[in-house]
Amino acid sequence: MLKIDLHSHIIPRNLPDWTKKFGYGDFINLNHNEDRTADMMHGGRFFRRIEENCWDEKVRMDEYTNFNTQVQVVCTIPVLFSYWAKPKEGLEVAEYLNDHIAELVANYPKNYIGLGTLPMQDTALAIQELERCKKIGLVGIQIGSNINDKNLNEPEFFPIFEACERLGMAVLVHPWNMMGKSSMEKYWLPWLVGMPAETSRAACSMIFGGVFERLPKLRVAFCHAGGSFLPTLGRIEHGFNCRPDLVAVDNNRNPRTYLNKFWIDGITHDINLLKYLLTLKDSKKVCFGTDYPFPLGDLEIGKFIEESDLSTSVKEDLFSNATLEFLNLDKKLFI
Ligand SMILES: [Zn+2]
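The rules behind these values
Residues numbered from 1 in each chain as written. Predicted model: local features only at pLDDT ≥ 70, side-chain atom pairs only at ≥ 80, totals over all residues. Pairing = 2+ DSSP bridges. Helix = DSSP H or I, 4+ residues; strand = E, 2+ residues; numbered from the N terminus. Axes fitted to C-alpha atoms, helices over the stretch in contact; angles between N-to-C directions. Expected span 1.5 Å × (residues − 1). Contact = placed C-beta atoms within 7 Å. Buried ≥ 20, exposed ≤ 12 C-beta atoms within 10 Å, placed from the backbone. Parallel < 35°, antiparallel > 145°, perpendicular 65-115°, else oblique. Left-handed = near helix turned anticlockwise from the far one by under 90°. Nonpolar A, V, L, I, M, F, W, Y, C, P; charged D, E, K, R; others polar.

*Asks:* Report on the sheet that holds strand β3 (residues 37-42), specifying residues and quantitative values.
*Replies:* The strand order across the open sheet built from 3 strands is β2-β3-β4, with neighbouring strands paired in antiparallel fashion. Looking at the sheet topology across the chains shown, the edges are occupied by β2 (28-32) and β4 (45-51). Adjacent strand axes in the sheet meet at a mean angle of 30°, parallel and antiparallel pairs treated alike. Direction of pairing for β2 relative to β3: antiparallel, over a ladder of 5 bridges. Among the inter-strand pairings, Asn29 is bridged to a residue of β3, identified as Met41.

*Asks:* Quick rundown of the sheet that holds strand β8 (residues 170-174)? Include the residues and the values.
*Replies:* Strand order in the open sheet formed by 8 strands is β1-β5-β6-β7-β8-β9-β10-β11, and the pairing between neighbours is parallel. Among the strands making up the open sheet, the edge pair consists of β1 (4-9) and β11 (286-287). Pairing between strand β9 (residues 220-222) and strand β10 (residues 263-265): 2 bridges, direction parallel. Along β10, the bridge assignment pairs Ala221 with Trp263.

*Asks:* How would you summarise helix α4 (residues 123-135) if you had to cite specific residues and measurements?
*Replies:* For α4, built from 13 residues, the straight-helix expectation of 18 Å at 1.5 Å per residue is met to within 8% by its first-to-last C-alpha distance of 19 Å. Where α4 is buried, its residues meet α3 (87-107), β6 (112-116), β7 (140-144) and α5 (158-167). A positive phi of about 100° marks Gly137, the residue just after α4.

*Asks:* Can you break down the pairing of β7 residue by residue, with the values?
*Replies:* Within β7, 5 of the 5 residues are buried, which leaves the element mostly enclosed by the surrounding structure. The pairing of β6 with β7 spans 2 bridges and is parallel. In the strand pairing of β7, Gly116 is matched with Ile141. By the bridge criterion, 5 bridges tie β7 to β8 in an arrangement that is parallel.

*Asks:* Please provide a residue-by-residue account of the packing of α3 against α4, values included.
*Replies:* When two helices pack together, their arrangement is given by the angle between their axes and by how far apart the axes lie. In contact at an axis separation of 10 Å, α3 and α4 are set at 15° when each is read in the N-to-C sense. As the angle between them shows, α3 and α4 are arranged roughly parallel. Where α3 crosses over α4, the two elements pack in a sense that is right-handed. Of the residues in α4, those touching α3 at Pro87, Leu91, Ala94, Glu95 and Asn98 are Leu125, Glu129 and Cys133. Tallied by class, the residues present in the contact of α3 with α4 amount to 5 nonpolar, 1 polar and 2 charged.

Structure (structure tokens):
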């Protein structure tokens, strides 16, 4: 069975010293160690240690082969978004990361699919880089759940989504810059509590802001099974019904209308939750994803789905059909 992982992260082996070059900011850099690990430095401060499967395409392919998975959709690590940078420099960072992924995809077209990153802090430059991403062979982009704390319904982002629809570029929304982070650092709460909330924030903003309503052909997927959006949909719908004066101010359609408008990945770590989500959504809208190679990801690469009692046709949808439909790609490209 063809297996395509919608959600994995990659970083170039070497990054320019952007902090030094631009003369400001906490840009990410890598200090390589002798044991084939590297320390990710956030403007000179230690951020996290990563292993060679973060950058080495062959090591990654070997690890995926161990779990019978042939194709990885790759995108950058959200901490590299650099939306806070000055626009020109944000563009330079995006170009560097996108060129790296485009080269990887060109070298291994049956194993890697690429999503780009955009300087979302500048609408015109973001569209310029989006157009270039398409030209260099990327099939979509990954964006943050908020852009410098602005929600995705803000008017300045609409032309970017409009351009994505026009160019047929898919949009993967990834949580980052988690709300409430500074007040809940202990117990890894920004990742365990903040991330699911961030993803729901993004989904609600796009639905209530009318982005999906105005762009019916825009293809969007939300990471981590849509975060807390789907498990709390009853509450969200009830809020829409009981306080339309607060909720339905920009779009008067029930949020449930959009359930099969967008895709999610299936990273639940819980087969029962995945089965529940499959009662809400068409199985062609639920993509197999892992968040590889990070510890919160499904590092057994789909084993819990493989071993489940889901039907073969549902598994086929999860493992490849949903992602192929989201990215508008033909299965024949990979077999
Ligand atoms: Zn991720």
